[in-house]
Amino acid sequence: MSKNHTSFLITYNKHLILFFLLVLLVIVTINRSYFIFIHPRYNVILVMIDTLRADHLPCYGYKLNTAPNLCRFAEEGIIFRNMFSQSPSTKPSIASLFTSTYPTQHKVVYNNDRLNDDFVTLAEILNKNGYHTLAVNDNPVIKTKFNYNQGFNVWHDTDLTNADIVNKTLFQELDKDQKGPYFIYVHYVDPHHPYTAPQPFYKHFNKDYDGKVNGDKPISRDYFRDKPKELRQLKLFYDNEIAYLDSKIARLFDKLKQKNMYDNSIIIITSDHGEMFMEHNNLQHSNGLYSEIINVPLIIKMPYSKKKISVDAYVQTIDIFPTLLDILDITSENILMGNSIFSIKDKPNRIIFSEHLRLKWVNPQRSLIVGKHKLIRDLRNNKYLLYNIEEDELEKENILKINPESKSFINQMNLFLKEINTHYQNIKGSITDLDKKTYDQLKSLGYIN
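The residue numbering used here restarts from 1 in each chain and proceeds along that chain's sequence as written. A pLDDT threshold of at least 70 governs which residues receive local features in this predicted model, and a stricter bar of 80 or more applies before side-chain atom pairs are shown or counted, although totals over entire chains, interfaces and linings include all residues. In computing side-chain values, all of the structure's heavy atoms are included and hydrogens and water are not.

**Notes on the sheet that holds strand β6 (residues 182-188)**
Here is step 1 of the chain: Note on pairing: DSSP must find at least two bridges between two strands before they are called paired. A helix here means a DSSP run of H or I that spans at least four residues, while a strand means a run of E at least two residues long, and both kinds are numbered starting from the N terminus. In space, the 8 strands of this open sheet follow the order β5-β4-β6-β1-β7-β10-β2-β11, with mixed pairing throughout. Every interior strand has two partners, whereas the edge strands, β5 (154-157) and β11 (309-316), have only one. Neighbour to neighbour, the strand axes of the sheet diverge by 15° on average, direction disregarded.
Here is step 2 of the chain: What makes two residues a contact is simply this: any of their non-hydrogen atoms within 4.5 Å. Helix axes use the C-alpha atoms of the stretch in contact, all axes being lines fitted to C-alpha atoms, and the angles between their N-to-C directions lie in the range 0 to 180 degrees. Those strands touched by helix α6 (residues 163-174) are β4 (132-137), β5 and β6, and its axis lies near 165° from that of β6.

What follows is the structure, given as structure tokens:
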């Protein structure tokens, strides 16, 4: 073989090797980009709006435009039409959110109950996986004193101020430009009673009203039994609070866009429970498990999403934790009671289970939803109520005595309770003393009589 031929082959082979290296580099780059796309480091922003009924939002069919910004946000996300809280009270509801367990398991029920350290929270898992975990909370019933700050790098209790202060505190933290990704939990206490929105929202929907009801002064349920016009005014003061909070949610969205965090974040909007306006002869919450108290909104905006999706499947608070882990491809050794929303299509008749375990309060109950039926058990007298919630959304007609499946639903509830009690049975509840400041704060919210 001639020298020229040999030189040509060497040169050719060099170029061939370089070519294959270039192709390999392109393949690796493409695959890496694909991998990053499938397993991204998205921010997670969980917005908790205290005491927000789903059916008082226009995107859930309400006739007043209480929340234009939230509903504009819903146009870019997944709106869940049938979302249920695990409890009608903030304390157990948020404990269920953070741990994906039921109240009967985490045992955080009364005002001085404390979340046990043995539970591994969503924040702890995300923190372990590289997230900067940040919370700003305005409801004193879940403040650091009660150990809800497990897993958070930064937790601020703003102690019943208002949404402006919550935003200001959060924005100051965001301006520090911590290394991400972020997990942000922000808890606005509005529209919780008292319904006294700051101006100019105080009489946003009832500007000409000048009667006895003012949204602040406590008035007993007996007063409203035969006063539908006054009850309507009470609802409007509540709606005014929603409108005020909605305007502050808009500020939050603006800040996220300013920080280039809006599009590359998973943003979740939900509530801990709803509110009663005499639908079942009661006011406010923590007094049963009827639809007006546990049917809450859930809107999830995925990164870069601009399309609205409406989902009718039944979901619950404890599903948020496993759903986020599913999206972020994070595994957990925890036993989670909820399911990822992406797997519920395979569980059409799964059980939705809620509890109001404050036996010393009004209407302690357990409820079970399966298919189109909802069973409620009164824990004081062991009596049952059964509703067809597809045909009777307001839960007015008890069909327990006429439905041939009633006994089957009761057996299902007993078996389900027995099943979940096999998990976390060794974790005990714990309590802490209430200092005067916390006591006064809880009293102002109506948690203490």
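**Thoughts on the packing of α6 against helix α8 (residues 228-258)**
Here is step 1 of the chain: Two elements in contact, α6 and α8, have axes separated by 10 Å at closest approach and are oriented at 10°. When the axes of α6 and α8 are compared, the pair comes out roughly parallel. Contacts between α6 and α8 involve A163, D164, N167, L170, F171 and L174 from the former and Y244, L245, K248, R251, L252, K255 and L256 from the latter.
Here is step 2 of the chain: Three categories are distinguished: nonpolar for Ala, Val, Leu, Ile, Met, Phe, Trp, Tyr, Cys and Pro, charged for Asp, Glu, Lys and Arg, and polar for the others, with Gly belonging to the last. A per-class count over the contact of α6 with α8 returns 8 nonpolar, 1 polar and 4 charged. Orientation categories follow fixed angle ranges, with anything under 35 degrees roughly parallel, anything over 145 roughly antiparallel, 65 to 115 roughly perpendicular, and all other angles oblique.

**Observations regarding the state of the cysteines**
By definition, a disulfide links the sulfur atoms of two cysteines through a covalent bond.
Here is step 1 of the chain: Sulfur atoms of two cysteines make up a disulfide when they are within 2.5 Å. Taken as a whole and assessed by the stated rule, the structure comprises 1 disulfide.
Here is step 2 of the chain: Disulfide pairing places C59 opposite C71 at an S-S distance of 2.4 Å. With the S-S dihedral at roughly -65°, the linkage between C59 and C71 falls on the left-handed side. Here C59 is found in the loop between β1 (43-49) and α2 (68-74), whereas its partner C71 is found in helix α2, with 12 residues between them in sequence. For the pair shown, C59 and C71 are each scored as buried. For every residue, the accessible area (1.4 Å probe, protein chains only) is compared with the maximum for its type, and the residue is labelled buried under 20%, exposed over 50%, or partly exposed between those bounds.

**Quick look at the nonpolar core**
Here is step 1 of the chain: In plain words, nonpolar cores are sets of buried Ala, Val, Leu, Ile, Met, Phe, Trp, Tyr and Cys residues tied together by side-chain atoms within 4.5 Å. With 66 residues, the main nonpolar core has Y148, F183, Y185, I266 and F353 as its most contacted residues.
Here is step 2 of the chain: Discounting residues that sit within four places of it in the chain, Y185 has contacts with L46, M48, I94, L97, F98, L134, A135, V136, I142 and F152.
Here is step 3 of the chain: Grouped together as the second largest cluster of nonpolar side chains are 55 residues, V166, I219, L231 and Y244 included.

**Re the pattern of salt bridges**
Here is step 1 of the chain: The term salt bridge refers to a pairing of a side-chain nitrogen on Lys or Arg with a carboxyl oxygen on Asp or Glu at a separation within 4 Å. Following the criterion strictly, the structure yields 21 salt bridges and no others.
Here is step 2 of the chain: Two residues, K259 and D175, come together in a salt bridge whose shortest N-O distance is 3.7 Å. Of this pair, K259 sits in the loop between α8 and β7 (265-270) while D175 sits in the loop between α6 and β6; the two residues are 84 residues apart in sequence, bridging distant segments of the chain.
Here is step 3 of the chain: Note on D175: relative accessible area 42%, which makes it partly exposed.
Here is step 4 of the chain: One salt bridge in this structure joins D226 and K227, with 3.5 Å as the shortest N-O distance.
Here is step 5 of the chain: According to the relative accessible area criterion, D226 is exposed, its value standing at 59%.
Here is step 6 of the chain: Residue classification places K227 among the partly exposed residues on the basis of a relative accessible area of 29%.
Here is step 7 of the chain: Connected through salt bridges with shared partners, the residues D175, D177, K255 and K259 form a single ionic network.

**Description of helix α12 (residues 436-444)**
Here is step 1 of the chain: Those residues of α12 lying buried are T438, Q441 and L442. All buried residues of α12 lie within an arc of 95° about the axis, which places them on one face of the element.
Here is step 2 of the chain: Here α12 starts with a cap whose side-chain oxygen sits 3.2 Å from the backbone nitrogen of K437, and that cap is D435.
Here is step 3 of the chain: G446, located one to two residues past α12, shows a positive phi value of around 90°. Here, the arc refers to the directions that run from the helix axis to the C-beta atoms. We call two N or O atoms a polar contact when they sit within 3.5 Å, provided that within protein one can donate a hydrogen and the other can accept it, with sequence-adjacent residues counted only if both atoms are side-chain atoms.

**Here we look at the confidence of the model for the protein chain**
Here is step 1 of the chain: The predictor attaches a confidence to each residue, called pLDDT, with possible values from 0 through 100. Looking at the protein chain, pLDDT values average 87 and 90% of them are 70 or higher.
Here is step 2 of the chain: Within the model, the stretch residues 2-39 combines pLDDT values under 50 with 4 contacts to residues more than four positions away or in other chains.

**Considering the sheet that holds strand β14 (residues 373-378)**
Here is step 1 of the chain: What the 4 strands build is an open sheet, ordered β12-β13-β14-β15; its pairing is antiparallel. Looking at strand neighbours, the two that pair on one side only are β12 (352-356) and β15 (384-388), the edges of this open sheet. Here the strands of the sheet are splayed against their neighbours by 15° on average, with no regard to which way each runs.
Here is step 2 of the chain: Contacts from helix α11 (residues 406-420) reach β12, β13 (365-370), β14 and β15 within the one sheet, and its direction differs from that of β13 by about 110°.

**Describing the environment of N153**
Here is step 1 of the chain: Looking at the element boundaries, N153 is found in the loop between β4 and β5.
Here is step 2 of the chain: When the C-alpha positions of N153 and A135 are compared, they lie 8.5 Å apart, and in sequence the two are 18 residues distant.
Here is step 3 of the chain: Excluding anything up to four places from it in sequence, N153 contacts N127, Y131, H132 and T133.
Here is step 4 of the chain: A polar contact is formed between the side chain of N153 and the side chain of N127, at a distance of 3.0 Å.

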